[in-house]
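Below, each chain spelled out in residue letters.
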Amino acid sequence: MSKPIVLIAEELSPATVEALGPDFDVRSVDGTDRPALFDALADANAVLIRSATKMDEEAVSKAPKLKVIARAGVGLDNVDIKAATAAGVMVVNAPTSNVISAAELAIGHIMALSRHIPSSHASMKEGKWLRSKFTGVELYEKTIGIVGLGRIGTLVAQRLAGFGATLIGYDPYVTQARAEQIGVELVDLEELMKRSDYVTIHIPKTAETTGMISTKEFAMAKPNLRIVNCSRGGIIDEDALYKALKAKQIAGAGLDVYVSEPPTGSPLLELENVILTPHLGASTDEAQEKAGVSVARSVRLALAGDLVPDAVNVAGGVIDSSVKPGIPLAEKLGQIVAGLAHTSIVSVEFEARGEIAAHDVTVLKLAALKGLFQTMVTEQVSYVNAPIMAEQRGVEVRLTQDTVSDEYRNVTTLKAVLSDGTVVSAGGTVIGPKHHQKVVSINGYDVELSMADNMVVMVYQDRPGIVAIYGAAFAEAQINIAAMTIARQQKGGKALSVITVDSPIAPELLEGLKDQIQAEMIRAISITEQY
């Protein structure tokens, strides 16, 4: 029997080939040579790439035997996940390969800002000896604010603890108990900005976090603040940062990531009190080797038909055909619950009711956890590390199954208990031969509407005229309402309204609307399609 063909399209470490083992026919091609790549893909069962090879829709169409695309790194900008999924091709990456490298780079930026290392080096190369110009500061007894206490933020905290600094942190999804475990005092963002001598950012870029550090936050800061972003470009408002640095409102900044990369023409390039590096978070020998070895192992699992921990689009392994359609729904329910949560989560329960409950639905629970955490952390969330993330945050996870379902053939529900005792939940079902996804419950209210990319959930006192108010507000903002459902548990009581819209909604609009209708809760939820 011929061996499966594994195509290596870019230079990878020898350890990568070694990790593949002798069970494959390993071939090489220059992935940037499109004709050569297309020829080689015709027989390939797996392809390993880095950042230069584009596995777009055209490339996927040239690979009829392809089962897995493996990206030896974190980013997947050069892979068309939607096209791969449509073709039944698994996409894997190496989500944790660079966490230590990224954490250490953040520490490097903090040290370089503190001791003026780049500028003093440059002056020495020019033959100058300017000791007094480059007087620095110590980290000892300084207050360092860490925005985001996921895996990388935790690694940063562990390393900074040795400097004798006071560590404070902001992360709405982390409990006080978890923060205390890693030696960090949990505070809100405003307090963190006011108290910190240094701020280092380690959160994902989402609609809520884009521009999170801007003019308002810099106005709160001490004049000696030094801020570092080795996470995602755009979390710091670059225009506001430039103005704060130019006016000496803050002391300095260290950036590895930018809104546009490379940041050609950015005014930040003109400033002396900013240190810039060209997105080097994963650029270490160790990270590159870890990435190659990690995806090689994933390829072995994928071609063997086993569950692949780092699959980003589909779950491998033997899954019952009646369960598979619920995987993308479960992940989206996780995203909805994350959007509903206003504080940290202490426990979650995934419930499967109906015919699917007669099968192993563990993968649905994992998909729900994956969706729950993917907007809370910087690292890639997978079916295996999602439960680990829950454990690290002290989140209890339960799975319940019941073959009885009164209204629908199958219903899956994710419930989360928050640190203040509030319970938030979302339930859904898949119907018809095309596996149409519907939301059937929110926070205990019965609803029924199609799953959508952008949703708004409101709870308010039921009374005449409310729909007209938010309808007019959306119309004025040029936000088109696609569908709407209103549910209540008793006449004259609280009403829950779920609206699907065609575009994201600005936080300022929601804040104003909350005051207008005196809403108890109003949340915008964006769903990221993964399947």
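Shown above is the structure to which this text applies.
We now turn to the structure provided with this report. For clarity, every value in this text was computed on a predicted model and none was experimentally measured.

Once that is clear, we can look at the overall build of the chain. Summing up its helical and strand segments, the chain has 17 helices and 22 strands in all. In terms of overall size, the chain behaves like a compact globule, its C-alpha atoms giving a radius of gyration of 25 Å where 531 residues would be expected to give roughly 24 Å. Along the three orthogonal principal directions, the C-alpha set of the chain runs to about 80 × 70 × 45 Å. Counting across all 531 residues of the chain, residues that qualify as buried make up 52%. In the chain, once contacts between residues fewer than 6 apart in sequence are set aside, the share between residues at least 24 apart is 64%. With the model as given, the accessible surface of the chain reaches about 24,000 Å², and the carbon-plus-sulfur share is 50%. A distance of 2 Å separates the average location of the 49 positive side-chain charges in the chain from that of its 63 negative side-chain charges.

Counting buried positions over the five residues of strand β6 (residues 143–147) gives five, a clear majority of the element. Burial of the side chains of β6 extends over both faces: Thr143, Gly145 and Val147 are buried on one face and Ile144 and Ile146 on the other. Two elements, β6 and strand β7 (residues 166–170), share five bridges in a ladder whose sense is parallel. Note that in β7 the partner of Gly145 across the bridge is Ile168. Looking at chain direction, β6 and strand β9 (residues 198–201) are connected through four bridges and run parallel. Note on β9: the bridge partner recorded for Ile144 is Tyr198.

In this section: the nonpolar core. If you look at the biggest cluster of nonpolar residues, it comprises 51 residues, and the most contacted ones within it are Ile336, Ile345, Leu364, Leu372 and Ile442. Residue contributions to this core peak at eight residues, all from helix α13 (residues 326–340). In contact with Leu364, other than residues within four places in its own chain, are Val323, Gly326, Ile327, Ala330, Phe350, Ile356 and Thr412. Of all hydrophobic cores here, the second largest spans 30 residues; its members include Leu189, Phe218, Met220 and Ile227.

A few words on the pattern of salt bridges. Counting across every chain of the model gives 18 salt bridges. A salt bridge links Glu190 to Lys194, with the nearest nitrogen and oxygen atoms 2.9 Å apart. In this pair, Glu190 and Lys194 are both assigned in helix α9 (residues 189–195), four residues apart and thus about one turn of the helix distant. Salt bridges sharing partners connect three or more residues here, namely Arg34, Asp56 and Glu58.

A separate point is the packing of aromatic side chains. Think of a pair of aromatic rings as described by two things: how far the centres are apart, and how the planes are tilted against each other in angle. Counted by the stated rule, this structure contains two aromatic pairs. Judged by centre distance (6.4 Å) and plane angle (45°), the ring pair of Tyr470 and Phe474 falls under tilted. Residue Tyr470 and its partner Phe474 are both found in helix α16 (residues 466–476); the two are separated by four residues, about one turn of the helix. Given a relative accessible area of 0%, Phe474 falls into the buried group. Within the aromatic cluster, the residues linked to one another by ring pairs are Tyr460, Tyr470 and Phe474.

Each value, and the rule that gives it
- Residues numbered from 1 in each chain as written.
- Predicted model: local features only at pLDDT ≥ 70, side-chain atom pairs only at ≥ 80, totals over all residues.
- Heavy atoms only, no water.
- Helix = DSSP H or I, 4+ residues; strand = E, 2+ residues; numbered from the N terminus.
- Rg over C-alpha atoms; globule rule 2.2 N^0.38 Å.
- Buried < 20%, exposed > 50% of the residue type's maximum accessible area, 1.4 Å probe, protein only.
- Contact = heavy atoms within 4.5 Å.
- Areas by Shrake-Rupley, 256 points an atom, 1.4 Å probe, with all protein chains shown as cover.
- Lys, Arg positive; Asp, Glu negative; His and termini not counted.
- Charge placed at Lys NZ, Arg CZ, Asp CG, Glu CD.
- Pairing = 2+ DSSP bridges.
- Core = buried A, V, L, I, M, F, W, Y, C linked by side-chain atoms within 4.5 Å.
- Salt bridge = Lys/Arg side-chain N within 4 Å of Asp/Glu carboxyl O.
- Phe/Tyr/Trp six-rings, centres within 6.5 Å; stacked < 30°, edge-to-face > 60°.

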